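# Architecture at a glance
Chain by chain, the residues:
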Amino acid sequence: MEIKYNEEDKYYLAKKKVENIKGFYGNLAAFIVVNIVLLVINLWTSPDRLWFYWPLMWWGLGVLFHGLKVFEVLPTLGKDWEERKIKELMEKEKENKNKWQ
């Protein structure tokens, strides 16, 4: 079952996608700036004990998954999965309502 979108729906979906991409780039920019600051602080205050890579690694993992979702690299995180899940839940709800009638 294919969904037919009118122009207003297409505009809304495109706008939402652009907002998601913009959010990703904001997250990426913050990631880069904050981790550079953390690297400088670490090397300036305690160069014998390096700890800057912990936030770099974990936040980097979050940025990676955010990018994979926004750019729809992983199909399980994309719009197709969301649409299938919505249809599945709607069908389940319809079956449950008809069950007792």
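Residues numbered from 1 in each chain as written. Predicted model: local features only at pLDDT ≥ 70, side-chain atom pairs only at ≥ 80, totals over all residues. Heavy atoms only, no water.

## A closer look at the overall build of the chain
Keep this limit in mind: The helix count covers DSSP runs of H or I at least four residues long, the strand count covers runs of E at least two residues long, and both are numbered beginning at the N terminus. A 1.4 Å probe rolled over the protein chains alone gives each residue an accessible area, and that area as a share of the maximum for its type sets the label: buried under 20%, exposed over 50%, partly exposed in between. When checking whether two residues touch, look at their non-hydrogen atoms; a contact exists if any pair is within 4.5 Å. Every accessible area reported is derived by Shrake-Rupley at a probe size of 1.4 Å, with residue values counting cover from the shown protein chains alone.
Of the regular secondary structure elements, the chain holds three helices and zero strands. Secondary structure elements of the chain occur, N-terminal to C-terminal, as α-α-α. For the chain, buried positions account for 13% of its 101 residues. Looking at the chain alone, contacts between residues at least 24 apart form 59% of all its contacts between residues at least 6 apart. Total accessible area on the chain stands at roughly 8,700 Å², and carbon and sulfur atoms take up 66% of it.

## Structural notes on unusual backbone geometry
Unusually for a residue other than glycine, Glu-72 sits at a positive phi of about 55 degrees. Given the relative accessible area of 42%, Glu-72 is considered partly exposed.

## Thoughts on the pattern of salt bridges
Side chains that carry opposite charge are capable of pairing whenever their charged atoms lie near each other. Here is the rule: A carboxyl oxygen of Asp or Glu within 4 Å of a side-chain nitrogen of Lys or Arg is what we treat as a salt bridge.
This model, assessed by the stated rule, comprises four salt bridges. Put simply, Lys-10 and Glu-7 hold a salt bridge, and the shortest N to O gap is 3.8 Å. Taken as a pair, Lys-10 and Glu-7 lie in helix H1 (residues 7-45) at a separation of three residues, close to a single helical turn. Notably, a salt bridge pairs Lys-17 with Glu-72, separated by 3.5 Å at the nearest N-O pair.

## As for the confidence of the model for the chain
Quick note on the threshold: Here pLDDT means the predictor's own confidence in every residue, given as a number from 0 to 100.
Overall, the predicted model of the chain reaches an average pLDDT of 87, with 88% of residues at or above 70. Averaged pLDDT values for the elements of the chain fall to 78 in helix H3 (residues 79-99) and rise to 95 in H1.

## As for the packing of H1 against helix H2 (residues 53-70)
Packed helix pairs are characterised by how far apart their axes lie and by the angle those axes make with each other. Applicable threshold: Fitted lines through C-alpha atoms serve as axes, helices being fitted only where they are in contact, and the angles separating the N-to-C directions of these axes extend from 0 to 180 degrees. Here roughly perpendicular refers to angles of 65 to 115 degrees, roughly parallel to angles under 35, roughly antiparallel to angles over 145, and oblique to all remaining angles. Crossing handedness follows the turn of the near helix against the far one: under a right angle anticlockwise gives a left-handed crossing, and clockwise gives a right-handed one. For this classification, the nonpolar set comprises Ala, Val, Leu, Ile, Met, Phe, Trp, Tyr, Cys and Pro, the charged set comprises Asp, Glu, Lys and Arg, and every other residue, Gly included, is treated as polar.
At a minimum axis separation of 10 Å, H1 and H2 run at an interaxial angle of 165 degrees. Classified by the angle between their axes, H1 and H2 sit roughly antiparallel to one another. Along this stretch, H1 crosses H2, giving a crossing that reads as left-handed. For the pair H1 and H2, the contacting residues are Lys-17, Asn-20, Ile-21, Gly-23, Phe-24, Asn-27, Leu-28, Ala-30, Phe-31, Val-34, Asn-35 and Leu-38 in the first and Pro-55, Leu-56, Trp-59, Gly-60, Val-63, His-66, Gly-67 and Val-70 in the second. Each residue belonging to the contact of H1 with H2 can be placed in one class, and the counts come to twelve nonpolar, seven polar and one charged.

## Topic: the side chain of Asn-42
Position of Asn-42 among the secondary structure elements: in helix H1. Setting aside anything within four residues of it in sequence, one finds Asn-42 in contact with Pro-47, Arg-49, Leu-50, Trp-51 and Phe-52.

## Quick word on the packing of aromatic side chains
Cut-off, in case you're wondering: Only Phe, Tyr and Trp rings take part, Trp by its six-membered ring, and two of them pair if their centres are within 6.5 Å. Stacked means planes under 30 degrees apart, edge-to-face means over 60, and tilted covers everything else.
Tallying each qualifying case throughout the model produces six aromatic pairs. For the ring pair Tyr-53 and Trp-54, a centre distance of 5.2 Å and an interplane angle of 40 degrees mean the geometry is tilted. The class for Tyr-53 is partly exposed, based on a relative accessible area of 36%. The class for Trp-54 is partly exposed, based on a relative accessible area of 44%.

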